[in-house]
Amino acid sequence: MRTNTLKLVGVAFGAAVVFAGASKAIAIFGTLKPGDKAPGFSAQGTDGKTHTLASLSKEAPVFLYFIKEGCPVNHRAAPHVTAMDGKYEGKPNIVGVYNGSLEAAKSWQKRYGSKYLILADPDLKIINGYGVPYSPFVMTVGDDGKIGTVLEGLSPKELTKMNAGLAKALNRTAIAMEFPGAPSGGG
């Protein structure tokens, strides 16, 4: 009985340390908010080219979709982001930011049938620079270089906002979409 109690206390203490560490990291870096200046970056994309924030956001807002490999919540959001990207003709400008190597980002893209560009962020420079605490997470960056919308979790509510934002960026009416199986929670 005493051994089980000690194991339980140890597990609880370890979880508290991990949570406190994550909270401390978020407090240090801070998630960017609407109106904040977006940090510039340069990263390799799944198209084999190097991309910068300036090049991605010069013609229309860029929707940075932060992807963490192995995240079960992102697993449920990804098909909806891919479907949204496919619904709009033109250039919706969704760009994935993947927390791993270029090869792993290409594998993700193939797995979900994503046509949008995905940037590899193996050193987490972009993810940490934007203060992204988890995935899925979306931030828009306008041609003014400032953060627009911040969407946390990609529940149906956030996916609906993303859909409206994509339509607005293209000067179109939002296409009606439903999001069965999307993650719950979020902002």
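Residues numbered from 1 in each chain as written. Predicted model: local features only at pLDDT ≥ 70, side-chain atom pairs only at ≥ 80, totals over all residues. Heavy atoms only, no water.

Points about helix H4 (residues 102–112)
Every buried residue of H4 is accounted for by Leu-102, Ala-105, Trp-108, Gln-109 and Tyr-112. Taken end-on, H4 shows its buried residues confined to a sector of 115°, consistent with a single buried face. Projecting away from the buried face of H4 at angles above 90 degrees are the exposed residues Glu-103 and Lys-110. In the core, the buried residues of H4 are packed alongside strand E1 (42–44), strand E3 (62–67), helix H3 (72–87), strand E4 (94–98) and strand E5 (117–120). Once H4 finishes, Gly-113 follows within two positions and takes phi at roughly 65°, a positive value. (Buried < 20%, exposed > 50% of the residue type's maximum accessible area, 1.4 Å probe, protein only. Helix = DSSP H or I, 4+ residues; strand = E, 2+ residues; numbered from the N terminus. Arc of directions from axis to C-beta. Contact = heavy atoms within 4.5 Å.)

A closer look at the confidence of the model for the protein chain
Residues with a pLDDT of 70 or more make up 83% of the protein chain, whose mean pLDDT is 84. Under a pLDDT of 50 for its full length, residues 2–28 has, in the predicted model, three contacts with residues more than four places off or in other chains. (pLDDT = per-residue confidence, 0-100.)

Observations concerning the packing of H3 against helix H6 (residues 156–169)
At their nearest, the axes of H3 and H6 sit 11 Å apart, and the two run at 20° to each other. With respect to H6, the element H3 is oriented roughly parallel. Where H3 crosses over H6, the handedness of that crossing is right-handed. Contacts between H3 and H6 pair His-80, Val-81 and Met-84 from the former with Leu-159, Met-162, Asn-163 and Leu-166 from the latter. (Axes fitted to C-alpha atoms, helices over the stretch in contact; angles between N-to-C directions. Parallel < 35°, antiparallel > 145°, perpendicular 65-115°, else oblique. Left-handed = near helix turned anticlockwise from the far one by under 90°.)

Notes on the sheet that holds E5
The five strands are arranged E5-E4-E3-E6-E7 in an open sheet whose pairing can be described as mixed. Across the chains shown, the open sheet's two edge strands, defined by having one partner strand only, are E5 and strand E7 (147–152). Sheet twist, expressed as the average angle between the axes of neighbouring strands with direction ignored, equals 20°. Note that strand E6 (residues 137–141) and E7 share four bridges and pair antiparallel. Among the inter-strand pairings, Phe-137 is bridged to a residue of E7, identified as Glu-152. Lying over the sheet, H3 contacts E3 and E4, oriented at roughly 155° with respect to E3. (Pairing = 2+ DSSP bridges.)

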